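Given next are the chains, with one letter for each unit.
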Amino acid sequence: MKPTTRPDRPFFGSGPTAKRPGWSLSGLEGAMLGRSHRDAVAKARINEVIERSRRVLGIPADYRLGILPGSDTGAFEAAMWSMLGARGVDLLAWESFGEGWVTDATKQLKLSDVRTLSAGYGELPDLTEVDFGRDVVFTWNGTTSGVRVPNGDWIAADRQGLTFCDATSAAFAMDLPWSKLDVTTWSWQKVLGGEAQHGMLALSPRAVERLESYKPAWPLPKLFRLTKGGKLIEGIFKGETINTPSMLAVEDALDGLRWAEEVGGLKGLIARSEANLAAISSWAADTAWVDFLAALPATRSCTSICLKIADPRVASLAESDQQKVVKELAGLLAKEQVAYDIAGYRDAPPGLRIWGGATVDVSDTKALLPWLDWAFGEVAARLDAEAA
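Residues numbered from 1 in each chain as written. Predicted model: local features only at pLDDT ≥ 70, side-chain atom pairs only at ≥ 80, totals over all residues. Heavy atoms only, no water.

Go over unusual backbone geometry, please, and point to the residues and values.
The amide bond that connects Gly15 to the next residue, Pro16, takes the cis arrangement and shows omega of -5 degrees. Position of Pro16 among the secondary structure elements: in the segment before helix H1 (40–57). Notably, Ser71 is not glycine yet its phi reads approximately 60 degrees, a positive angle. Mapped onto the elements, Ser71 comes out in helix H2 (residues 71–83). Positioned with a positive phi, Phe172 is a non-glycine residue whose angle comes to about 75 degrees. Mapped onto the elements, Phe172 comes out in the loop between strand E7 (163–166) and strand E8 (183–187). (Helix = DSSP H or I, 4+ residues; strand = E, 2+ residues; numbered from the N terminus.)

Hey, could you go over the packing of aromatic side chains for me, with residue numbers and the actual values?
Inspection of every chain in the model, using the stated rule, returns 12 aromatic pairs. A ring pair is formed by Phe138 and Trp154, whose centres lie 5.1 Å apart and whose planes are at 75 degrees; its orientation type is edge-to-face. Here the residue Phe138 occupies a position in strand E4 (residues 135–139), and Trp154 occupies one in the loop between strand E6 (147–148) and E7, the gap between them amounting to 16 residues. Trp154 shares its class with Phe138; the two are buried. Look at Phe172 and Trp186: their rings are 6.4 Å apart centre to centre, the planes differ by 85 degrees, and that puts the pair in the edge-to-face class. Placement of Phe172 in the loop between E7 and E8 and of Trp186 in strand E8 is noted, with a sequence separation of 14 residues between them. (Phe/Tyr/Trp six-rings, centres within 6.5 Å; stacked < 30°, edge-to-face > 60°. Buried < 20%, exposed > 50% of the residue type's maximum accessible area, 1.4 Å probe, protein only.)

I'd love a proper account of the packing of H1 against helix H5 (residues 247–262), names of residues and values included.
Put simply, H1 and H5 touch, their axes get as near as 10 Å, and they point 30 degrees apart. At the point where H1 passes H5, the crossing takes the left-handed sense. On H5, the residues touching Ala42, Arg45, Ile46, Glu48, Val49, Arg52, Ser53, Arg55 and Val56 of H1 are Met247, Val250, Glu251, Ala253, Leu254, Leu257, Arg258, Ala260 and Glu261. Taken together, the residues of the contact of H1 with H5 break down into 10 nonpolar, one polar and seven charged. (Axes fitted to C-alpha atoms, helices over the stretch in contact; angles between N-to-C directions. Left-handed = near helix turned anticlockwise from the far one by under 90°. Contact = heavy atoms within 4.5 Å. Nonpolar A, V, L, I, M, F, W, Y, C, P; charged D, E, K, R; others polar.)

Let's hear about the sheet that holds strand E13 (residues 304–309): which residues, and what values?
What links the strands of a sheet is backbone hydrogen bonding, and the strands pair in either a parallel or an antiparallel sense. Strand order in the open sheet formed by three strands is E12-E13-E14, with antiparallel pairing between adjacent strands. Looking at strand neighbours, the two that pair on one side only are strand E12 (290–292) and strand E14 (352–355), the edges of this open sheet. With direction set aside, neighbouring strand axes in the sheet form an average angle of 35 degrees. Bridge count between E12 and E13: three bridges; the pairing is antiparallel. If you follow Asp291 over to E13, its bridge partner there is Lys308. (Pairing = 2+ DSSP bridges.)

Explain the side chain of Thr144 residue by residue, including any values.
Inspection of the secondary structure assignment puts Thr144 in the loop between strand E5 (141–142) and E6. At 2.7 Å, the side chain of Thr144 forms a polar contact with the side chain of Glu95. Once residues lying within four places of it in the same chain are set aside, the contact partners of Thr144 are Glu95, Ser96, Phe97, Tyr121, Cys306, Tyr345, Ala348 and Arg353. (Polar contact = N/O pair within 3.5 Å; in protein donor to acceptor, adjacent residues only side chain to side chain.)

Before we move on, can you summarise empty space enclosed by the protein with the specific residues and values?
Applying the stated criterion across every chain, the model contains three cavities of 30 Å³ or more. The volume enclosed by the largest cavity comes to roughly 120 Å³. Around the largest cavity sit 17 residues that line it, and Phe172, Ser187, Trp188, Leu192 and Ala253 are the ones nearest its centre. When contributions to the lining of the largest cavity are tallied by element, the ones reaching two or more residues are H1, E8 and H5. A per-element tally of the lining of the largest cavity places H5 first, with four residues. Taken together, the residues of the lining of the largest cavity break down into 10 nonpolar, five polar and two charged. Approximately 50 Å³ is the volume found for the second largest cavity. Of all elements in the fold, only E13 and E14 reach the threshold of two or more residues within the lining of the second largest cavity. Broken down by class, the residue content of the lining of the second largest cavity amounts to eight nonpolar, three polar and one charged. (1 Å grid on protein atoms, 1.4 Å probe; cavity = no way out; pocket = protein on both sides within 12 Å on 5 of 7 lines; lining within 4 Å. Points joined across faces, edges and corners; volume = space filled by probe spheres on them.)

With reference to specific residues and values, describe the packing of helix H6 (residues 265–285) against helix H9 (residues 362–387).
Axis separation between H6 and H9 bottoms out at 9 Å; the angle between their running directions is 25 degrees. Judged by the inter-axis angle, H6 sits roughly parallel to H9. When the axes of H6 and H9 are compared, the crossing they make is right-handed. Contacts between H6 and H9 involve Ala275, Asn276, Ala279, Ile280 and Trp283 from the first element and Val362, Thr365, Lys366, Leu369, Leu372 and Asp373 from the second. Of the residues that constitute the contact of H6 with H9, the class distribution is seven nonpolar, two polar and two charged. (Parallel < 35°, antiparallel > 145°, perpendicular 65-115°, else oblique.)

Encoded structure:
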């Protein structure tokens with residue numbers, strides 16, 4: 001039978017994600033629309049996003065933090081194209097976005113000294129094999145696999161190379177060890193539920209030194225240029241963006257950051273995300289038809305929570321048929337308006353992906369779980385009927 005309790009907010013997609021609880025358009029009434037982003041007041045508003053982000057995340061005072069175009073992708077590619085090539089690089093990939101950075105380094109930048117450490121969906125590469133005499137490129141949390149690195153203990157404190165960390169589905173939900181991260185990026189549209197197209201870039205003093213001492217062999221488009229005349233463009237890190245930002249999105253980002261402070265800052269945000277993972281973990285432990293894609297509990301993401309269908313009626317099917325089952329299951333939930341956009345990423349193994357970031361109330365996550373059982377029951381009944 002259908003459950004009687006529904007999530008108040010059925011937004012479990014992994015990007016764009018759910019807005020904060022209580023969000024409404026009234027929170028954007030102070031947006032500086034129709035004004036130049038270079039006006040002193042508007043620039044101060046943009047810089048407020050930078051400084052509030054710094055405080056909530058606990059980013060060291062000597063790190064530069066700026067806003068770049070093109071979401072997390074734009075910020076990470078700007079860093080790769082500006083700094084890679086100075087020394088050899090180890091590339092870590094265990095899901096789609098990490099594989100994308102491998103493609104950038106090997107096929108676009110065509111770096112000559114590259115090692116790729118790979119693992120399949122649900123697993124991590126052997127982190128003990130990473131050579132920190134080289135630059136290291138990795139995602140902290142695999143958005144499409146639901147696999148995160150368990151901590152930063154594997155990163156050498158005395159490294160010679162730089163660490164490049166794509167943290168877009170980790171920032172504001174996981175404890176990032178800033179002293180071990182030289183280049184870190186994320187976007188507004190993940191854990192705080194902001195709007196798309198704006199990325200953030202945090203640079204350690206060592207990363208700034210690389211930018212000012214190394215000139216890549218390839219031309220850089222304007223949107224990637226972080227230096228001028230061999231010096232860092234400091235304005236980028238004080239609210240002077242490379243191109244025109246959306247002041248409406250800026251206001252929305254500030255709204256999310258104020259809410260983050262109200263719920264206890266980073267500790268409160270992490271607790272909200274971990275509560276969603278705990279709710280799904282408890283349910284999955286007692287549910288035979290489903291399992292985590294990430295085999296090890298220590299590596300399971302608390303934001304992009306990826307599940308596979310373990311029931312043999314589905315697991316024995318060809319992958320294309322498994323995808324049809326996932327699509328049917330997700331469609332049933334969307335039709336009932338209890339969960340939107342929870343089918344797994346298109347390149348990932350067939351399964352479900354449930355966003356558990358801080359803007360999702362754990363009460364909604366708990367309300368969703370009986371509906372997952374109901375939807376699978378509907379699909380399983382169809383499969384049994386066809387088999388008969």
